[in-house]
Amino acid sequence: MNYWQVSAGSYQRDYTADFLKYGMAFVGGTKQIDTMPQVNLGDRMILKRGKTNIVAAGTVVERKGRVRGNAEISGEEDKRWLLDYDGWYLPAYCYVEWHVPPQPLAVKRLTRSTIQRCKILGLRQEADQIIATWPVRSLAPEPTSVADLSDDAILEFLVSKGRCPSTVELTESLKRIRLLAKHYYHEQGFRWNDVREHETRTFLIIPFLLALGWSEKQIKIELPVTGGRVDIACFSRVYHRCNDECVLVLESKGFSQGLDYAHGQGKHYATKFPKCQVVIASNGYCYKAYCRKPDGTGFEESPSAYLNLIHPTKMYPLDPSIGGGTHLLSYLLPPAVKLQAIWQM
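Source: prediction; values computed, not measured.

S.K.: Honestly, the environment of Ala 17 in this entry has me stumped. Any pointers?
M.R.: Relative to the elements of secondary structure, Ala 17 occurs in helix 1 (residues 16-22). Note on Ala 17: relative accessible area 57%, which makes it exposed. Counting along the chain gives 88 residues from Ala 17 to Leu 105, while the straight-line C-alpha distance between them is 17 Å.

S.K.: Is there a simple way to explain the pairing of strand 4 (residues 24-27) in this structure?
M.R.: Along a regular strand, successive side chains alternate from one face of the sheet to the other. Residue alternation in strand 4 divides its side chains into two sets, Met 24 and Phe 26 and Ala 25 and Val 27, and both sets are buried. Where strand 4 and strand 8 (residues 92-99) come together, 4 bridges link them in antiparallel fashion. Paired with Phe 26 across the two strands is Tyr 93, which belongs to strand 8.

S.K.: Help me understand the pattern of salt bridges, please; the structure alone is not making it clear to me.
M.R.: Once the charged atoms of two side chains with opposite charge are near each other, the side chains can pair. Applying the stated criterion across every chain, the model contains 12 salt bridges. Measuring nitrogen to oxygen at the nearest pair gives 2.8 Å for the salt bridge that ties Glu 245 to Lys 275. Note that Glu 245 is positioned in the loop between strand 12 (228-235) and strand 13 (246-252) and Lys 275 in the loop between helix 7 (263-270) and strand 14 (278-282), a separation of 30 residues in sequence. What makes Glu 245 buried here is its relative accessible area of 12%.

S.K.: Explain unusual backbone geometry to me, please; I cannot follow it from the model alone.
M.R.: If a residue is not glycine, its phi is most likely negative; likewise, a peptide bond is most likely trans. A positive phi angle, near 50 degrees, is found at Asp 86, a position not held by glycine. Summarising the element assignment, Asp 86 is placed in the loop between strand 7 (68-70) and strand 8. Given the relative accessible area of 5%, Asp 86 is considered buried. You will see that Arg 109, though not glycine, has its phi angle at about 80 degrees, which is positive. Its location among the elements puts Arg 109 in the loop between strand 9 (105-106) and strand 10 (115-117). When its relative accessible area of 61% is taken as the criterion, Arg 109 is described as exposed.

S.K.: Teacher, can you tell me more about the packing of aromatic side chains here?
M.R.: Remark: the centre distance and the inter-plane angle together describe each pair of aromatic rings, the angle taken between the planes. Overall, the coordinates contain 12 aromatic pairs when judged by the stated rule. Where Trp 81 meets Tyr 85, the ring centres are 6.5 Å apart and the plane angle is 45 degrees; that geometry is what we call tilted. What makes Tyr 85 buried here is its relative accessible area of 7%. Here the aromatic residues Tyr 15, Phe 19, Tyr 22, Phe 26, Trp 81 and Tyr 85 are joined through ring pairs into a cluster of three or more. A cation over a ring is seen here: Lys 79 above Tyr 93, with NZ or CZ 5.0 Å from the ring centre.

S.K.: Would you mind showing me how to read the packing of helix 5 (residues 167-186) against helix 6 (residues 197-211) here?
M.R.: When two helices pack together, you describe them by how their axes are tilted relative to each other and by the distance separating the axes. For the pair helix 5 and helix 6, interaxial distance at closest approach is 9 Å and the crossing angle is 160 degrees. Taken as axis vectors, helix 5 and helix 6 run roughly antiparallel relative to one another. The two elements helix 5 and helix 6 meet at a crossing, and its hand is left-handed. Within the contact between the two elements, helix 5 uses Glu 169, Leu 170, Ser 173, Leu 174, Ile 177, Leu 180, Ala 181 and Tyr 184 and helix 6 uses Glu 199, Phe 203, Leu 204, Pro 207, Phe 208, Leu 210 and Ala 211. Split by residue class, the contact of helix 5 with helix 6 holds 12 nonpolar, 1 polar and 2 charged.

Criteria and cut-off values
- Residues numbered from 1 in each chain as written.
- Predicted model: local features only at pLDDT ≥ 70, side-chain atom pairs only at ≥ 80, totals over all residues.
- Heavy atoms only, no water.
- Helix = DSSP H or I, 4+ residues; strand = E, 2+ residues; numbered from the N terminus.
- Buried < 20%, exposed > 50% of the residue type's maximum accessible area, 1.4 Å probe, protein only.
- Pairing = 2+ DSSP bridges.
- Salt bridge = Lys/Arg side-chain N within 4 Å of Asp/Glu carboxyl O.
- Phe/Tyr/Trp six-rings, centres within 6.5 Å; stacked < 30°, edge-to-face > 60°.
- Lys NZ or Arg CZ within 6 Å of the ring centre and 35° of its normal.
- Axes fitted to C-alpha atoms, helices over the stretch in contact; angles between N-to-C directions.
- Parallel < 35°, antiparallel > 145°, perpendicular 65-115°, else oblique.
- Left-handed = near helix turned anticlockwise from the far one by under 90°.
- Contact = heavy atoms within 4.5 Å.
- Nonpolar A, V, L, I, M, F, W, Y, C, P; charged D, E, K, R; others polar.

In short, geometric facts, not functional conclusions.
Now the structure itself:
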């Protein structure tokens, strides 16, 4: 029996809740994907947070005749969600019966590795104690498979709305954004945290907004508001100082950052604009929309729609009850204002 330490992402994109919810451990990256096949039935897992906390411990188990797998090559349609975890590719997985203490356990000598054998006796003993003391965490059903959304379907949707001025421009914009995002993601030796929000906003987000039909005259970047600056504020008409026609707030994040925490700041800023009905968080190629509550008191905690520009889907892979690509685009499109009128103002 081997012991393993595994990390569920970083503080900016933490997968811990889903590790425990679905009774799994899943990883991405070439080195980590190559390591997962070494995990065997009966091995013990230590779920860590950073280098100083054990969140849970568990035993690797078999389900439906499988102990571990790779969602990309196994042909398992029920694992489609691991190929787009808010834009992250995390295909290699194993099944784990997790035991969770009431509070994370403070320890020493954990490493920064995402998944690695653990040979330190003290850490192994801590894992054994957690497993012996706390019950197995109950499981929730995994997300069901969602269908892909073709570019043709996207273009047909936009044409049907009559608010995309040039499908040719949009097609070229999508091509450029995808090429650049893939470069950031896959380039050997490239550090994701080097691609900061200024780059994602400048090279990925703004070109997409313009291709969708927004005019530069409607967009304000780093708009000062009480308590900070709005990354991107989009207005229903040409912006003028004291203009209260902001209808969309977009919070941009660096390439390495997840979207689960990005929307909070945007929601706070959006309260300054009573006509703003949606807040969108984006790392440049993935977009999450959060709508204003029906009573107008704030914004929903759960997303209303999701779009991954590299791999668009008809619904949100992590929760198929939430809208996908065309739903997101319906929130991201500019209001039905004639662009010619905008330019003449």
